[in-house]
Structures are given as C-alpha cells and as structure tokens.
Amino acid sequence: MNRRHRCGPRLWAAALVLVTALGLAALPQLTASAAEGPAVTLSKSQAGTGGSITVSGSGWRSRTLLMMLICGQSEPGRGVIGGTNSCANADGRAVTTGDKGTFSKKLPVAEPPVPCPCVVHVATVTGDKAQADAVLKVAGHPVKALPAQSGGGKLSVLTDTRLDGSSGVLTWFGAPASRTFVFTVGNVGSAPLKDPVFQVGTSHGVFAPQWEDQQWRGTIAPGRKAQIKLPVELTSGAHGNYLVSLKFGGKVLAEQPWGVGRPWGVTLFWILLCVVVPAAVFRIGMAVVERVRPRRSGGAGRHRGALRFPELAARVTKSRLRDSSRRAPGPPRATSETGTHTTTALPWFTPDTDPGAPAGQLSAPSDNSPTTKGNT
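Keep in mind it's a predicted model, so treat the numbers as computed, not measured.

Q: Got a minute to help me understand the overall build of the protein chain in this structure?
A: Looking only at helices and strands, one finds six helices and 22 strands in the protein chain. In the protein chain, which comprises 376 residues, the proportion classed as buried is 27%. Of all intrachain contacts in the protein chain linking residues separated by at least 6 positions in sequence, the fraction that spans at least 24 positions is 66%. For the protein chain, the accessible surface area stands at approximately 26100 Å², while carbon and sulfur atoms represent 58% of it.

Q: Looking at this structure, I do not really get the pairing of strand 20 (residues 251-260). What am I missing?
A: Put simply, side chains in a regular strand alternate between the two faces of the sheet. Two elements, strand 19 (residues 240-248) and strand 20, share nine bridges in a ladder whose sense is antiparallel. Counted as the bridge partner of L243 is P257 from strand 20. Taking the residues between adjacent antiparallel strands as the criterion, strand 19 and strand 20 are bridged by two residues, where G249 takes a positive phi near 65°.

Q: Quick question: what am I supposed to make of the pattern of salt bridges here?
A: Should the charged atoms of two oppositely charged side chains come close, the side chains can pair. All told, the structure shown has four salt bridges when counted by the stated rule. For D99, the salt bridge identified is with R63, shortest N-O distance 2.9 Å. Remark: R63 occurs in the loop between strand 3 (52-58) and strand 4 (65-71) and D99 occurs in the loop between strand 7 (93-96) and strand 8 (103-108); sequence separation between them is 36 residues. Exposure remark for D99: the relative accessible area of 58% places this residue in the exposed category. Look at R63 and you get exposed, because its relative accessible area is 58%. Two residues, R162 and D164, come together in a salt bridge whose shortest N-O distance is 3.1 Å. Note on R162: relative accessible area 38%, which makes it partly exposed.

Q: Sorry, what's going on with the sheet that holds strand 2 (residues 46-48) here?
A: To summarise the sheet geometry, strands pair through backbone hydrogen bonds and adopt either a parallel or an antiparallel arrangement. Taken in spatial order, the five strands make up an open sheet running 2-10-9-4-7, and their pairing is mixed. At either end of the open sheet lies a strand with only one pairing partner, and these are strand 2 and strand 7. Direction aside, neighbouring strands of the sheet carry axes that sit 35° apart on average. Alignment of strand 9 (residues 118-124) against strand 10 (residues 131-139), held across six bridges, turns out to be antiparallel. Counted as the bridge partner of V120 is A134 from strand 10.

Rules used in this analysis
- What you see as residue numbers is a count from 1 along each chain, following the sequence as written.
- For this predicted model, a pLDDT threshold of at least 70 governs which residues receive local features, and a threshold of 80 or more governs which side-chain atom pairs are given and counted, while totals over whole chains, interfaces and linings are taken from all residues.
- To obtain the side-chain values, all non-hydrogen atoms of the structure were used and water was disregarded.
- Only DSSP runs of H or I covering at least 4 residues are called helices, and only runs of E covering at least 2 are called strands; the numbering of each starts at the N terminus.
- For each residue, the accessible area found with a 1.4 Å probe, counting protein chains only, is set against the maximum for its type, and the residue is called buried under 20%, exposed over 50%, and partly exposed in between.
- We call two residues contacting when some pair of their heavy atoms lies within 4.5 Å.
- Per-residue and other accessible areas follow the Shrake-Rupley method at a 1.4 Å probe size, with only the shown protein chains counted as cover for residues.
- Strands qualify as paired when DSSP identifies two bridges or more between them.
- Just to be clear on terms, a salt bridge is a Lys or Arg side-chain nitrogen sitting within 4 Å of an Asp or Glu carboxyl oxygen.
- Convention adopted: a line fitted to C-alpha atoms gives each axis, helices being fitted over their contacting stretch, and angles between N-to-C directions are expressed from 0 to 180 degrees.

As structure tokens, then:
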C-alpha cells in the first residue's frame, strides 16, 4: 500500500512536466500563426519615376487576385486617405498569389496624383477584403503632411442625412448637378477632433464609389455635436440613380440616395439640330442649283409675255388709234339735195345703198331732177 501511495505522486508530477513541455513547444507555433497575416515588402524603400521595384508578399490567401498601386497621402497606420483617387491607377499591376499565399512581381514607379507620403498599396480584388501597405519614397515628388487627426476621437451620425439644393436651368442643358450634403455628427470619443477629414463618394449602379476628401474646419469636443455641410458634385450630363456615401476613419457612416433627372435640354438641342441643319442644307443646295442650271429662252419669253399680256394689248390699241388718226383724208363725201333735204353719202356706202335716198329708188335720179322737168 505504501509503495502504491508513493508511486502515485511521482506519476502525476511526470505527467505535469510532459504537458508543460508540450505546451511550451507549441507556443511559438501559436504565436506565429496569430501574427501571420497579409504582409508586403519592397526591394527598395526609395525609387524615382521611370524605375521599378520588386514587391513581395506573404500571408495572403492562396490563388487570390491582388492589385498593386502606388498611392499618395497614405501611411501604413492610416491607410489611403483619398481612396483609389490618390493612387497612380494607370501604372498599377495585378498579381495572383501562389498555393502558399505568396507572390513577387515588379512594379513600375510612377508619381501619384497627390503629394506624398506614399505607400505601395496591395489589396484583394475579389473575395474577402484584405490589404497591406509598405512605405515608399518617390524621389522628386512633393511631400505634404497629412491632416492632423486625433486617434481618441470618434464620430457618430446623430440625425438623418439630406441633400440640400436644386438644379438650375443650366443643369437641364447638361451642366454638372451639385448638392450640399448635410448631416449632424457627435464626438463619442475621449479626445477632441480638430478639422476632421471626411470622405464623400458617389456611386452609380454597380460601380464602386469615387471617394473625395472633404475637410471640415472646426473642432468637435468630446460629447459635443456639430452640423456638417459638404459639397457634392457630379460630372457633366450625369443622370439616373446615384448613391452618396460618407466615410470617416475608414468606416462608412451614412448613405443618401440621389435621383438625378435627364438633361432634356440636350435632347431638344439635338432634335432641333437634326431638323434645322438638313433644312438649311436643302435651301443652300436649291439656291446653288437655281444659279448653276441654264435658263430656257423660249419658255422664259412665253412666261414673260403671258404675265404682260394686258399691258401689251393696251399698247397695241393705242398704236392703232394713233395710226388711224394719221391716215390721209379719203374722197369727198357725196351729197344730194332733194328740195330742202340734204343727204350726205357715207364713205362705206355706195350711192345705190345710201340710207338717205328715197325708198324704191336704186339708181341715180336722172329723170326726176328739176333740170329735166324744166326742159320738158
């Protein structure tokens, strides 16, 4: 019995030592797995425009498509403040990780559209979101300090957001539509926020928002609230259903839908242009044809004569009257006397048909004359 009692504690002590040893051996592996995550390293920490660097990564998911960009206004701790608008998107490169979640690829060095500090930003394109940054100094590119922002301040949207403003006449003809994004936020952190920088993005349909930095001037003390007004503007001719998003500290705080009407003035302009231009071309063409084509003499003469026929007829009548008045006098008119009656023979009547002669006498009065009676 005493041997069994003595052997029991020894066995428990040996088992405890074995378990402790196994736990200490597994501790580095657990620490390494906990610390493992997406990481990026660069072959050079500084490079000039036109050169290239080698970007290597580890801790990523296997067979994952990544996008590599050089971005300004960025720090690994704060990320890319302006989103992809602060990156040299045209010179970015895509890479796919291997089976172990690693990759290595060359990236051309290009100046981002905003000042440095700059980073090489690597992020997943599909699947679960993951990203990592590595500091890069772009030689010759301007450097500007990032906006000061206290880490202890946190903002929360307290009221519903709204878009103030209306579209004018120019917007009906394709001018950019603009609104004022109004909302009220409260500082729920323990430190004041001075001149906070918000990110306002607009998206249309399935496209991702285009983020733009908007800095508000003022200080929000802990436990206080403030009304923020930020301008929002779309591109020229934009229409349809848009979504305005507000982001602060990498977190989306609010979203506001925005319905933009179609610029019907542009449509009306094109309709008028399609009607007026062909009509003007037709008129010009007809004028050219009328001037170039040869004229027909016969047809034109008949046309002019037909138009002036009354005037021509009047002229002919006047001419005939003048001619008749100028004619020489004709033979003397024949006269006859019967008692006290005198008859004048008209020139267009013969003596036999004179209306003034006695009825029934068709020839000259030779026997009835006074001279003849006297002789007899």
